[in-house]
Amino acid sequence: MTSFQSFSRAKTLLAACAIALSLQPAAHAAEAPPAEVHLDYAYYSPVSLALKHLGYLERALPQSKVGWVLSQGSNRSLEYLNSGGVDFASSASLAAVLSRANGSPIKSVYVYSRAEWTALVVRKDSPIQTVADLKGKKVAATKGTDPYLFTLRSLQQAGLKKDDVELVHLQHPDGRTALEKGDVDAWAGLDPHMAASQIQAGSRLLYRNRDFNSYGVVSVTERFAKEHPHTLDTVIKAYEQAREWSVKHPDELAKLLADESGLPLDVARLQLSRTDLGRPQLTAGDVLASKAAAPILVSEELVRRGVNVDQVIDQLIDTGFQPTVAAQ
């Protein structure tokens, strides 16, 4: 092949690539919206309540039926996502790591809050004063959720192992009830149930550690992200509208949370007082924070043997989405 022929062939290939690239935005724009889009909403995610209440997504996706499913915890949220019950799930970031590490092809694309939403809780008259005092005691926790992982990390820091306590696997509202009835000695709480127990029953936060609280993420399946990129962008923009509204209207958000959860307004305000809604973008720092918790997932055999958790986190957390607010 002559130099001229080689040049001509290369020029033709480059032209073909240019045409293909030029067609991508058109294909993206021409994406047929799904007939239905299902999202979860949760009391631990006030922005999801605002998104559902304000109708931003319904207006942004007029050709799709928008459905809503209530999640009581990260484990339920991710179960709904993996079973196809929802297309967008809100959970704690470490719960999403666990889900991905154990075989679920999901990606986290947005941060709905960075809250101190969990702590170890005891009754107001409990003699327990330190995490070390929990040895031999019953601790209620919802397996696969941030409070559960918070418990394991707290025990480890105190020099205890998981087997040094009796973990009682209860959903968050049931854990609160068990604590207040005296059926367990401590509870890995989650707001707003934790805030309600503090105010209504005088429950005491035994151990707090903001660094052990993982942030809240919205996740999707890889399949949905690939098949509906425009819809994914639209949902993130709608979340951003709801987040900005939430930041600008704290009193209305507190009332909405109280109305939706059925809890008193002072409980909602306590929850929101420890909820940071100001940083929705996933960053390299979030990747590092998740990797810092990886050793506990491995040591407690919460992930399949041989799984590289750091690699899982790199695959899970998508820092490429830049939330932008759609015109209202």
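Within an unreviewed UniProt entry, the label attached to the protein chain reads Aliphatic sulfonate ABC transporter substrate-binding protein, and the organism entered is Pseudomonas ekonensis. Quoted verbatim from the Subcellular location (unreviewed entry) field of the UniProt record, the comment on the protein chain reads "Periplasm". Its UniProt record, at the heading Sequence similarities (unreviewed entry), says of the protein chain: "Belongs to the bacterial solute-binding protein SsuA/TauA family."

Turning next to the pattern of salt bridges. Summed over all chains, the structure comprises 13 salt bridges. Measuring nitrogen to oxygen at the nearest pair gives 3.2 Å for the salt bridge that ties Glu-79 to Arg-76. Linking Glu-79 with Arg-76, this pair stays in helix H4 (residues 74–83), spanning 3 residues, or about one helical turn. With a relative accessible area of 30%, Arg-76 lands in the partly exposed category. When the shortest N-O distance is used, the salt bridge between Glu-227 and Arg-223 registers 3.1 Å.

Now for the nonpolar core. Core analysis: the biggest nonpolar cluster contains 90 residues, and Leu-39, Leu-51, Phe-88, Leu-134, Tyr-239 and Leu-297 have the highest contact counts within it. Here the element with the most residues in this core is helix H10 (residues 229–248); it accounts for 7 residues.

Attention shifts here to the layout of surface pockets. Its boundaries defined by the atoms lining it, the largest pocket holds a volume of some 300 Å³. Looking at the lining of the largest pocket, the elements with two or more residues in it are helix H5 (93–101), strand S4 (106–115) and helix H13 (284–292). It is H13 that provides the largest number of residues to the lining of the largest pocket, a total of 5 residues. Taken together, the residues that form the lining of the largest pocket break down as 7 nonpolar, 5 polar and 7 charged. Every residue lining the second largest pocket is listed: Leu-81, Asn-82, Ser-83, Gly-84, Val-86, Asp-87, Thr-221, Arg-223, Phe-224, Glu-227 and His-228. Within the residue set of the lining of the second largest pocket, elements represented by two or more residues are H4 and helix H9 (222–227). The residue makeup of the lining of the second largest pocket, split by class, is 3 nonpolar, 5 polar and 3 charged.

Let us now look at the environment of Glu-227. Along the chain, Glu-227 falls in helix H9. Using a relative accessible area of 42% as the deciding quantity, one classes Glu-227 as partly exposed. In the structure, Glu-227 is positioned 194 residues away from Pro-33 in sequence and 9.7 Å away in space, judged by C-alpha atoms.

The next subject is the packing of helix H7 (residues 172–181) against helix H8 (residues 193–201). One can describe the packing of H7 onto H8 by two numbers: an axis separation of 10 Å at closest approach and a directional angle of 25 degrees. By the criterion of interaxial angle, the relationship of H7 to H8 is roughly parallel. Handedness of the crossing formed by H7 with H8: right-handed. Residue-level inspection shows His-172, Pro-173, Arg-176 and Glu-180 of H7 in contact with H8, the latter providing His-193, Ala-196, Ser-197, Gln-200 and Ala-201. Taken together, the residues that form the contact of H7 with H8 break down as 3 nonpolar, 4 polar and 2 charged.

One way to put it is that H4 packs onto H5 with a least axis distance of 10 Å and a crossing angle of 40 degrees. Taken together, the axis directions place H4 and H5 in an arrangement best described as oblique. In the packing of H4 onto H5, the handedness of the crossing is right-handed. For the pair H4 and H5, contact is made by Ser-74, Leu-78 and Asn-82 and by Ala-95, Ala-96 and Ser-99, respectively. For the contact of H4 with H5, the per-class residue count stands at 3 nonpolar, 3 polar and no charged.

Strand order across the open sheet formed by 4 strands is S3-S10-S4-S11, with antiparallel pairing between neighbours. Lying at the two open borders of the sheet, with one neighbouring strand each, are strand S3 (89–92) and strand S11 (275–276). Judged from the 4 bridges that link them, S3 and strand S10 (residues 216–221) form a sheet pairing that is antiparallel. Its bridge partner being in S10, Ser-90 is matched across the sheet by Val-218.

With that out of the way, let us pick up the pairing of strand S8 (residues 186–190). Where burial is concerned, most of S8 is hidden: 5 out of the 5 residues are buried. Burial along S8 is two-sided: Ala-186, Ala-188 and Leu-190 facing one way and Trp-187 and Gly-189 facing the other are all buried. Bridging between strand S5 (residues 118–122) and S8 involves 4 bridges; their strand directions are antiparallel. Paired with Thr-118 across the strands is Leu-190, a residue of S8. Note that strand S6 (residues 138–141) and S8 share 2 bridges and pair parallel. Note that in S8 the partner of Ala-140 across the bridge is Trp-187.

Next up on the list: the sheet that holds strand S9 (residues 204–207). Ordered in space as S7-S6-S8-S5-S9, the 5 strands form an open sheet in which the pairing is mixed. Unpaired on one side and paired on the other, strand S7 (166–169) and S9 mark the two borders of the sheet. Each strand of the sheet is rotated relative to its neighbour by a mean of 40 degrees, with strand direction disregarded. Taken together, the 3 bridges between S5 and S9 define a ladder with antiparallel strand orientation.

Rules of the game
- The written sequence of each chain sets the order in which its residues are numbered from 1.
- Side-chain atom pairs in this predicted model are given and counted only at pLDDT of 80 or more, local residue features only at pLDDT of at least 70, and totals for whole chains, interfaces and linings cover all residues.
- Side-chain measures here rest on the full set of heavy atoms in the structure, leaving out hydrogens and waters.
- UniProt positions are given in the numbering used here, feature names are shortened, and annotations may be inferred rather than shown by experiment.
- Take a side-chain nitrogen of Lys or Arg and a carboxyl oxygen of Asp or Glu: if they are within 4 Å of each other, that pair is a salt bridge.
- Numbering goes from the N terminus for both helices and strands, where a helix is a DSSP run of H or I of at least four residues and a strand is a run of E of at least two.
- For each residue, the accessible area found with a 1.4 Å probe, counting protein chains only, is set against the maximum for its type, and the residue is called buried under 20%, exposed over 50%, and partly exposed in between.
- Think of a nonpolar core as a cluster: buried Ala, Val, Leu, Ile, Met, Phe, Trp, Tyr and Cys residues, connected wherever their side-chain atoms sit within 4.5 Å.
- Method remark: on a 1 Å grid restricted to protein atoms, a set of points is classed as a cavity if a 1.4 Å probe fits but cannot get out and as a pocket if it is open with protein on both sides within 12 Å along at least five of seven lines; lining residues have an atom within 4 Å of a point.
- Grid points are joined across faces, edges and corners, and a volume is the space filled by probe spheres set on the points.
- For this classification, Asp, Glu, Lys and Arg are treated as charged, while Ala, Val, Leu, Ile, Met, Phe, Trp, Tyr, Cys and Pro are nonpolar and the rest, including Gly, are polar.
- Each axis is a line fitted through C-alpha atoms, and for a helix only the stretch in contact is used; angles between axes span 0 to 180 degrees, taken between their N-to-C directions.
- Between 65 and 115 degrees an angle is taken as roughly perpendicular, under 35 as roughly parallel, over 145 as roughly antiparallel, and anywhere else as oblique.
- We call a crossing left-handed when the near helix sits turned anticlockwise from the far one by less than a right angle, and right-handed when that turn is clockwise.
- Contact between two residues is taken to exist if any of their heavy atoms lie within 4.5 Å; hydrogens are not considered.
- At least two bridges found by DSSP between two strands are what make those strands a pair.

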